[in-house]
Amino acid sequence: MIKPIGWTDDAVVLLDQRLLPGREVYLELRTVDEVAAAIRDLVVRGAPAIGVTAALALAMEADQLPDDPDEFLRGLAEAGDRLTAARPTAVNLSWAVGRIRRLAARTIADGVERVRERLREESRLMYHQDIEINRALGRHGAALVPVAGRVLTHCNAGALATAGYGTALGVVRAAFEGGNAVSVLADETRPFWQGARLTAWEMQHDGIPCTVITDSMAGHLMQRGDIDVVIVGADRIAANGDVANKIGTYSVAVLAREHGIPFYVAAPTSTIDLQVASGAEIPIEQRNGDEVVIVNHQRIAPAGVGAAYPAFDVTPSRLVTAIITEHGVVRAPFEEGLAGVCLAGASAE
Ligand code: MRU
């Protein structure tokens, strides 16, 4: 299985996704600041993957924090803040940091040494749970994929974006493993090329047929009847079902509606943020415009021209056919269904 995240006794180990598909290089990171920088620089990316990575980083940091209980909890909180500041849109990051901090606060009376052990166990449990969650989500979603369905996906919501197996690509994997001759059309996903580089690499790795298209080709292919279903991941889902995901997702959803093609979002309940009423409240990460105009160290637009890079967009829930979670498939009206699966998710924690 593809392993984007791992650990040693004193390090968090990350597959450097900036170098894929050309080179498979693993980095060993030994401080929270190194991990925060790796998250910011997209060494590791994808909402569930950065959450699990942050949990492992906090458990690692706990070994370096003072033995005094108050100072320990304060140090853990500060380290958590540095990690969550790395990327603002994916709620899995603050969800994971919150889970680790709550466990430490709840059990601090047992002594700092015992808390350190617990955080190590908990972060590794979160890693394994993420894979199990994706498998469950994949099973629910596979039933929605037509036989020999041609699936359009945007960005990379695969094994690389999680601890393993993937969300949107987890649904594809489950369908494929169940004997469905499914195939994938991967939007290249400018400007970081998650589709062309990462989804294509993952699908090739598992022998699942995959064709890369430029982001602008989706409408044409839908018009010709070459796409049966759209499945994407999510970085944050608001209580009303609005979905923040990689920039370009909204355009795909509008096209899918125009052509009567189902538009599914596959995400674990840790991506649902019931504190946020609608997509309008979701913070959208703004990245450096240079990442748009400099490709492979080569400037492709004239020096001095402006370049914008909102890294995510919001798809209104009215365009979403259903949201596939580990606790089942939620359809409109979303409020009630999302609250229900979140409750099931919280008790499983
Ligand atoms: O900027 P990225 O690569 O972290 O964006 C990732 C996405 O938008 C994914 O679709 C999302 O995080 C879901 S990953 C299972």
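Check the entry above for the structure.
Cut-offs and rules
Residues numbered from 1 in each chain as written. Predicted model: local features only at pLDDT ≥ 70, side-chain atom pairs only at ≥ 80, totals over all residues. Heavy atoms only, no water. Pairing = 2+ DSSP bridges. Helix = DSSP H or I, 4+ residues; strand = E, 2+ residues; numbered from the N terminus. Right-handed = clockwise from strand over helix to strand, strands pointing away. Near = heavy atom within 4 Å. Polar contact = N/O pair within 3.5 Å; in protein donor to acceptor, adjacent residues only side chain to side chain. Areas by Shrake-Rupley, 256 points an atom, 1.4 Å probe, with all protein chains shown as cover. Nonpolar A, V, L, I, M, F, W, Y, C, P; charged D, E, K, R; others polar. Axes fitted to C-alpha atoms, helices over the stretch in contact; angles between N-to-C directions. Parallel < 35°, antiparallel > 145°, perpendicular 65-115°, else oblique. Left-handed = near helix turned anticlockwise from the far one by under 90°. Contact = heavy atoms within 4.5 Å. Salt bridge = Lys/Arg side-chain N within 4 Å of Asp/Glu carboxyl O. Buried < 20%, exposed > 50% of the residue type's maximum accessible area, 1.4 Å probe, protein only. Core = buried A, V, L, I, M, F, W, Y, C linked by side-chain atoms within 4.5 Å. Phe/Tyr/Trp six-rings, centres within 6.5 Å; stacked < 30°, edge-to-face > 60°. Lys NZ or Arg CZ within 6 Å of the ring centre and 35° of its normal.

This brings us to the pairing of strand β4 (residues 150-153). Relative to strand β5 (residues 183-187), β4 runs parallel, the two being bridged by four bridges. Within β5, the residue paired with Val151 across the bridge is Val184. You can see the chain leave β4, run along helix α6 (residues 168-177) and come back into β5, and the turn it takes is right-handed. As judged from the two bridges shared by β4 and strand β7 (residues 229-232), these two strands associate in the parallel manner. Within the sheet, the bridge partner assigned to Leu152 lies in β7 and is Val230.

The ligand sits among 17 residues. The nearest are Arg45, Arg87, Gln194, Asn245 and Lys246. A distance of 2.8 Å separates an oxygen atom of the ligand from a polar side-chain atom of Arg45. The contact in question runs from an oxygen atom of the ligand to an N or O atom on the side chain of Gln194, over 2.8 Å. The fraction of the free accessible surface of the ligand (410 Å²) that becomes covered by protein chains is 99%. At the level of secondary structure, the elements contributing two or more residues to the shell around the ligand comprise α2 (47-62) and β9 (243-246). Residue classes in the shell around the ligand are distributed as seven nonpolar, six polar and four charged.

A sheet is described by the order of its strands in space; here seven strands give the open sequence β6-β5-β4-β7-β10-β15-β16, paired in mixed fashion. Lying at the two open borders of the sheet, with one neighbouring strand each, are β6 (210-213) and β16 (328-330). Strand-to-strand twist in this sheet, taken as the mean axis angle between neighbours without regard to direction, amounts to 25 degrees. Note: β7 against strand β10 (residues 263-266), three bridges, orientation parallel.

With that out of the way, let us pick up the packing of helix α5 (residues 112-142) against α6. One way to put it is that α5 packs onto α6 with a least axis distance of 7 Å and a crossing angle of 65 degrees. Relative to α6, the element α5 is oriented roughly perpendicular. As α5 runs across α6, the sense of the crossing is right-handed. Counted together, Leu137, Gly138, Arg139, Gly141 and Ala142 of α5 and Gly170, Val171, Ala174 and Ala175 of α6 form the full contact between these two elements. Residue composition of the contact of α5 with α6, grouped by class: five nonpolar, three polar and one charged.

Under the definition given, this model contains 20 salt bridges. Here Arg18 ties to Asp16 by a salt bridge, and the two come within 2.8 Å at their closest N and O atoms. Arg118 is the salt-bridge partner of Asp110, the closest N and O atoms lying 2.9 Å from each other. The partly exposed category is assigned to Asp110, whose relative accessible area is 46%. Put simply, Arg87, Glu285, Arg287 and Glu291 are held in one network by salt bridges that share partners.

Let us look at the nonpolar core. Residues Leu14, Val35, Ile39, Phe72, Leu83 and Leu119 are the most contacted members of the largest nonpolar core, which totals 44 residues. For this core, the secondary structure elements donating two or more residues are β2 (12-15), α1 (32-40), α2, α3 (69-84), α4 (91-107) and α5. Among the elements that line this core, the one with the most residues is α2, at 12 residues. Sequence-distant contacts of Leu83, that is, excluding residues within four places in its chain, are made with Val32, Val35, Ala36, Ile39, Ala54, Ala57, Leu58, Leu93 and Val97. Counting residues in each nonpolar core, the second largest holds 28 residues, with Ala218, Ile227, Val230 and Val320 among its members.

Okay, the packing of aromatic side chains next. Tallying each qualifying case throughout the model produces one aromatic pair. Their ring planes at 90 degrees and their centres at 5.0 Å tell us that Trp7 and Tyr127 sit as a pair that is edge-to-face. A residue pair is termed long-range when its members are at least 10 positions apart, and Trp7 in strand β1 (residues 5-7) and Tyr127 in helix α5 qualify at 120 residues. Its relative accessible area of 3% is what places Tyr127 among the buried residues. When the ring centre of Phe192 is taken as origin, the NZ or CZ atom of Arg197, which lies over that ring, is 4.5 Å away. Just above the ring of Phe312 sits the side chain of Lys246; from NZ or CZ to the centre is 4.2 Å.

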